[in-house]
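Below are the chains, spelled out letter by letter.
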Amino acid sequence: MGLPLNASIFLEGPAGSGKTTAAVARLMHWLELGTPGEAILLLAPQRTLASPYESALRSPQAVAGGYVQALTVGGLAQRMIDLFWPMIAAQAGFADPYSPPTFLTLETAQYYMAHCLRPLLDEGLFDSVNITRNRLYSQLLDNLNKTAVVGFPLSEVGQRLKSAWVGEPGQLRVYDDVQTAVDLFRRFCLEHNFLDFSLQIEIFRQHLWPLEACRSHLFSTYRHLIYDNVEEDIPIAHDLIREWMPQFDSALLIYDWDGGYRRFLGADPESGYALKELCDSSIQFETPLVAAPQVQSLARRLSKALSPRRAQVGEDEQNASVAFEAVEFDLHLFFPQMLDWVCERIEQLVHGEGYPASEIVVLAPFLSDALRFSLTERLAALNIPTRSHRPSRALREEPAVHCLLTLAVLAHPEWGILPTKFDVAYAFMQAFEGLDLVRAQLLAEIVYRQKDGLPALSSFEAIRPEVQERITFLIGERYERLRRWLTRTAERNDEFDHFLSRLFGEVLSQPGFGFHAGLDAGRAAAGLIESTRKFRWVAGATFDSSGAPLGKEYLLMVQEGLIAAQYLPAWQTPTQEAVLLAPAYTFLMSNQPVEVQFWLDIGSRAWSERLSQPLTHPYVLSRAWPPGRLWTDIDEQAAEEESLYRLVLGLLRRCRRKIYLGLSEYNEQGFEQRGRLLTVFQRALQSAQATEKRSG
Amino acid sequence: MNAPLSHSASTAAFPAGFLFSQSNLQDYVDCRRRFLLRYVFNVAWPGLESEPALESERFMRLGERFHRLAQQYFIGAPPEALESSIREDELLQWWGQFARFASGLRQSMFISPELTVSAPLEDHRLLAKFDLVLMNEAGKFIIYDWKTARRRPRRERLIERMQTHVYPYLLARCGAGLHHGEAIPPESIELIYWFPEFPDQPERITYSAARFQADHALLTNLVREIKQAVGNLSEAQLADPPGGEAFDSAFPMTTQIERCAYCVYRSLCNRGERAGDFGAEAAESELEDFEVHIDFEQVAEIAF
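What you are looking at is a predicted structure, and each value in this text was computed from that prediction instead of being measured. (Residues numbered from 1 in each chain as written. Chains lettered and ligands numbered in written order. Predicted model: local features only at pLDDT ≥ 70, side-chain atom pairs only at ≥ 80, totals over all residues.)

## Quick look at the overall build of chain B
Of regular secondary structure, chain B possesses eleven helices and ten strands. The buried share of chain B, taken over its 304 residues, is 41%. A fraction of 67% describes how many contacts in chain B between residues 6 or more apart in sequence connect residues 24 or more apart. (Helix = DSSP H or I, 4+ residues; strand = E, 2+ residues; numbered from the N terminus. Buried ≥ 20, exposed ≤ 12 C-beta atoms within 10 Å, placed from the backbone. Contact = placed C-beta atoms within 7 Å.)

## Points about the overall build of chain A
Of regular secondary structure, chain A possesses 25 helices and 17 strands. A compact globule built from 696 residues should have a C-alpha radius of gyration of about 26 Å, and chain A, at 28 Å, falls within 12% of that. Referenced to the eigenvectors of the C-alpha coordinate spread, the extents of chain A come out at roughly 90 × 65 × 65 Å. Counting across all 696 residues of chain A, residues that qualify as buried make up 46%. A fraction of 81% describes how many contacts in chain A between residues 6 or more apart in sequence connect residues 24 or more apart. (Rg over C-alpha atoms; globule rule 2.2 N^0.38 Å.)

## Overview of the pairing of strand 8 (residues 250–256) of chain A
All names here are of chain A. By the criterion of burial, strand 8 is predominantly enclosed, with seven of the seven residues buried. The two faces of strand 8 match: Ser 250, Leu 252, Ile 254 and Asp 256 on one face and Ala 251, Leu 253 and Tyr 255 on the other face are all buried. Pairing analysis gives six bridges linking strand 1 (residues 8–13) to strand 8, with the strands arranged parallel. Looking at the pairing, Ile 9 lines up with Leu 252 of strand 8. Both strand 7 (residues 224–227) and strand 8 contribute to a ladder of four bridges, which runs parallel. Looking at the pairing, Leu 225 lines up with Ala 251 of strand 8. Remark: the strand 7/helix 10 (residues 235–244)/strand 8 crossover connection has right-handed handedness. (Pairing = 2+ DSSP bridges. Right-handed = clockwise from strand over helix to strand, strands pointing away.)

## What to know about the sheet that holds strand 7 of chain A
One key point about sheets: their strands pair by backbone hydrogen bonds, in either a parallel or an antiparallel sense. Residue and element names in this part refer to chain A. Pairing within the open sheet is parallel, and its six strands lie in the order 4-2-7-8-1-9. The strands lining the two open edges of the sheet, one partner per strand, are strand 4 (69–71) and strand 9 (281–284). Strand-to-strand twist of the sheet, defined as the mean angle between neighbouring strand axes without regard to direction, takes the value 20°. This element, helix 1 (residues 19–32), spans strand 1, strand 2 (40–43), strand 7 and strand 8 of the sheet and lies at about 165° to strand 8. (Axes fitted to C-alpha atoms, helices over the stretch in contact; angles between N-to-C directions.)

## Some remarks on the environment of Asp 280 of chain A
All names here are of chain A. Tracing the sequence through the fold places Asp 280 in the loop between helix 11 (269–273) and strand 9. For the pair formed by Asp 280 and Leu 11, sequence separation is 269 residues and the distance between their alpha carbons is 11 Å. Not counting residues up to four positions away in its chain, the partners in contact with Asp 280 are Ala 7, Ser 8 and Ile 9.

## Some thoughts on the environment of Gly 276 of chain B
Among the structural elements, Gly 276 of chain B can be located in strand 10 (residues 276–277). Here the alpha-carbon distance between Gly 276 of chain B and Lys 147 of chain B, two residues 129 residues apart in the chain, equals 21 Å.

## A few points about the domain arrangement of chain A
It is common to report an interface's size as the accessible area lost on association of the parts. Split into domains, chain A comes out as domain 1 (8–77 + 205–284), domain 2 (102–192), domain 3 (293–390 + 574–695) and domain 4 (395–570). On a C-alpha basis, the centroid separation for the pair domain 1 of chain A and domain 4 of chain A is 47 Å. (Domains from an automatic or database assignment.)

## Some remarks on the interface of chain A and chain B
Listed by partner, the interface residues are 57 residues for chain A and 56 residues for chain B. Counting only elements with at least two residues in the side of chain A that touches chain B, the list comes to helix 2 (51–58), strand 3 (65–66), helix 3 (73–88), helix 5 (133–150), helix 9 (212–221), helix 20 (496–508) and helix 21 (519–546) of chain A. Among the elements that take part in the side of chain A that touches chain B, helix 3 of chain A stands out by supplying nine residues, more than any other. Classifying every residue of the side of chain A that touches chain B gives 24 nonpolar, 23 polar and ten charged. Relative to strand 5 (residues 110–121) of chain B, strand 3 of chain A is paired through two bridges, and the arrangement is antiparallel. Among the inter-strand pairings, Gly 65 of chain A is bridged to a residue of strand 5 of chain B, identified as Ser 118 of chain B. (Nonpolar A, V, L, I, M, F, W, Y, C, P; charged D, E, K, R; others polar.)

## Some details on the environment of Leu 528 of chain A
Positionally, Leu 528 of chain A belongs in helix 21. Sequence separation of Leu 528 of chain A and Gln 139 of chain A is 389 residues, and the distance between their C-alpha atoms is 25 Å.

## Quick word on the nonpolar core
Burial of nonpolar side chains together is a common tendency in soluble globular proteins. All names here are of chain A. By size, the foremost hydrophobic cluster in this structure holds 219 residues, and its most contacted members are Leu 42, Leu 404 and Phe 428. Not counting residues within four places of it along the chain, the set of residues in contact with Phe 428 comprises Leu 435, Ala 440, Leu 443 and Ala 444. Grouped together as the second largest cluster of nonpolar side chains are 58 residues, Leu 363, Leu 367, Leu 661 and Ala 688 included. (Core = buried A, V, L, I, M, F, W, Y, C linked by C-beta atoms within 7 Å.)

## Overview of helix 15 (residues 399–411) of chain A
Residue and element names in this part refer to chain A. The terminal C-alpha atoms of helix 15, which comprises 13 residues, lie 18 Å apart, in line with the 18 Å expected from a rise of 1.5 Å per residue. Across the 13 residues that make up helix 15, a large majority, eleven, are buried. What helix 15 keeps buried is the set Ala 400, Val 401, Cys 403, Leu 404, Leu 405, Thr 406, Leu 407, Ala 408, Val 409, Leu 410 and Ala 411. Where the residues of helix 15 are buried, they touch helix 16 (421–431), strand 14 (454–457), helix 19 (473–490), helix 20, helix 21 and helix 22 (550–559). (Expected span 1.5 Å × (residues − 1).)

## Re helix 3 of chain A
Residue and element names in this part refer to chain A. Taking 1.5 Å of rise per residue, the 16 residues of helix 3 would be expected to cover 22 Å, yet its terminal C-alpha atoms sit only 19 Å apart, more than 12% below that figure. Along its length, helix 3 reaches its greatest deviation from straightness, about 50°, at Asp 82, and the proline Pro 86 lies no more than four positions downstream. Among the 16 residues of helix 3, 14 are classified as buried, and the element is accordingly described as predominantly covered. (Bend = angle between axes of the 7 residues up to and from the residue.)

## Considering unusual backbone geometry
The step from Glu 51 of chain B to Pro 52 of chain B runs through a cis peptide bond, and the omega angle for that step is -5°. Residue placement: Pro 52 of chain B occurs in the loop between strand 4 (50–51) and helix 3 (53–74). Positive phi is not limited to glycine here, since Asn 193 of chain A has a value of about 60°. With respect to the helices, strands and loops of the structure, Asn 193 of chain A is situated in the loop between helix 7 (170–192) and strand 6 (194–195). Not every positive phi belongs to a glycine, and Asp 258 of chain A is a case in point at roughly 60°. Here Asp 258 of chain A shows up in the loop between strand 8 and helix 11. Classification of Asp 258 of chain A as partly exposed rests on a count of 19 C-beta atoms within 10 Å.

## Considerations on the sheet that holds strand 11 (residues 360–364) of chain A
Residues and elements named next belong to chain A. Spatial strand order, 10-17-16-11-15-12: six strands in an open sheet with parallel pairing. Strand pairing shows two members of the sheet lacking a second neighbour, strand 10 (327–332) and strand 12 (386–388), which therefore form its edges. Mean inter-strand twist for the sheet, computed between neighbouring axes without regard to direction, equals 20°. Both strand 12 and strand 15 (residues 579–583) contribute to a ladder of three bridges, which runs parallel. If you follow Ser 388 over to strand 15, its bridge partner there is Leu 581. The strands touched by helix 13 (residues 335–352) within the sheet are strand 10, strand 11, strand 15, strand 16 (594–599) and strand 17 (655–664), with strand 17 carrying the most contacts at an inclination of about 155°.

## So, the pairing of strand 8 (residues 189–195) of chain B
Residue and element names in this part refer to chain B. Within strand 8, five of the seven residues are buried, which leaves it mostly tucked inside the rest of the structure. In this structure, strand 7 (residues 141–146) lies alongside strand 8, joined through six bridges in parallel fashion. Bridge pairing in strand 8 places Phe 141 opposite Ile 189. As defined by bridge partners, strand 8 adjoins strand 9 (residues 198–206) across five bridges and the pair is classed as antiparallel. Residue pairing in the sheet places Phe 195 in a bridge with Phe 198 of strand 9.

See the structure below:
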């Protein structure tokens, strides 16, 4: 706070030592002294990491003035492309520089990747790779993104992957296929003014950043920089700041030691740390303010077991058992027994010891839907609410979405898509208020027909009177209203999202229908309609020219799992006093410390092993990896050790009091397990016991 | 921009950090039930706003494009490059009017397109995003707001909009940063609504200390009233469906039922099936305040 306002400062230290709190205070101090808010650039690798600043800026304590922008480098790139497009589109190689750019979301990028590759896949491209199409497309996009964020030519992807490969020679052909696919996709994007994330970053770096008008705009707009979690950002962001630093009147860069959790997304802590040399001064915050002494002691013990060369064990030698006051564990034979134990302990903490539920987090390396469901149900039975990093169902699995899409198919028989009788019955059950599954199935059985390979609905009036009575005349009246509406509206040839909006507003959300006052149905329908609208805005022109129905293509993409597979935005999940269930890395990136953490299934190898990604490689496609060097088992092991070290320290530095370790001999799938994290705990425990014995 | 409100055991309360704006205040003034649904319960309800939907959407997107062109123009993009990117006749016509009008403004002493400002109000903040703010040779600060409506609203209609109260008020409160640290006197502020369809008929609204005081009282009382109404919601009301009668006293539906045709919540409120006619006169007042907002971060954050 006391440092000159025009200083550039590099603030570093472990997580939980008060760096961000200090930076927020400095930001507020700048504003109080009259620094225009709009002249401050608040940069973070992802938006969640800017939330402490945004909370302060939204408070009434912040002075009146311009609004401070919180941005990621990706967001900044997109804004600049949008603003300066007419000045760079032609030189950047876009085929139609006079038409506006279209920014692709992950969903639409995957769609167009599929669109480009479909004919080649049929001809045998990637035929030796046994992964779902969805994963194939996302790993190809990941490769494109890595080239952009690391800053090497797209043409080198395949060669870099090949040059590091030491396994079966057949894989080398796969990497050739990778190169073919990414080249094809990039050409397609340039031909259609499409910008996926990788192209946005490349265009910004290669064409906008050197453009005088863009630089002048950025340099005159932003005079001050606050850049938090530098270690989690991509190298191209660090390059940008390196060149931009001399232009700022002041800068505050904040770096977490032992971070770099987003490495699989391209984060590069090393290039981030190199920015230190550009700052006038550096400050270290070393005192942990979050973790209690016993948790700090545990962190030191574990860090010694994980990485002896970096360990700092001093005072603990005198009292090694202190560290294990911070941890409690219990061994179980089977996974469900472990979950029972975890839930019992949580109940004791919440109802017995008065811990707020929001101060408890349950962590696993990955959180499957089944695990989430098991925990949610067990804790609900104990009257303990839970929240998750995402709702339990993908958009396409929401009952309301299923209903809308089934009715859309029935309204468009010319698409030739035939829903099953159960699909139709399930849609009826959602559509009509008070209709149970038995009567819904009866209705569907009678009225739903397939004529000449096309779906059709017959009239309620044609049903025998005694069956009409069984279904009820009220339902019959509503069914007829829906049936007539579907026939009439389909003739209008509306855009698909408009059709869905109309179906929702004019029928399904009207009194007597299933979505009326059903807020969940409204939320799911809104998600679907937004997805279809974005799909039309991006892909509509393709369909207009081919004459193919966009709605049908959308439905096929849903069936392939390419679209509507995302989850509803987290902000739509009610915020409440609840236990958080999350994957460990998601929790780390939320950067919110808690009192108590539960680590599930610490015998699992997934705590240290990386995901299998046969088409890409986060380390080989990084700046630190020399092209041509082989990636061996030793490298893999070193990477695992390093990531586990960072993960364990990161979690402990975000824990105030205690961790509970869930242990089961057999995992969720019934396999015996003995992963590295378990071994590390055992080693640390043995070492502590030996120390205690020595000190008498 | 705002997160949903949280409901504690017995009452609802605004989350710390709820941002008031001309748009959500206008919602409250027009229909308290709409405010309740949109901001208290955060109800997503994807009905159509107006018909024909495609024409309505086309017009909205033209409005967005126009705003983007204006911003590009004022940050120094060459006008000929901007013009060559326009394909739609309607937009080209608007652009032609705009380019003639705006060329004189580029020389202003201070100029800031798309400026967002905020100031504390009660326990919250009031926020506004100006299309353009500039200071002319006479030292006057002018806020420009581009209105791409097909009909020019009457002056009385514009004057009663919350925007007319919020914008000059906030500039008076936040202007020090634009004015070498000195507050901008209300008398030096003017709000101009400029219509590309009616370039010769801008609506000028001057400001004064008296109006500043009146706006301060109006906005403060409105925020207090809303907070109190939300705070008074009982547990029973919160458990009730948001469209229900339990809210009739504190958050009644508008008595101007014709408005409901242009509101997405009309089926939830049992106020009709079909969306209103986009071409009707009523549509202009109901739809004129769409906010041009592109959330770049939402797109950027799902990069991988």
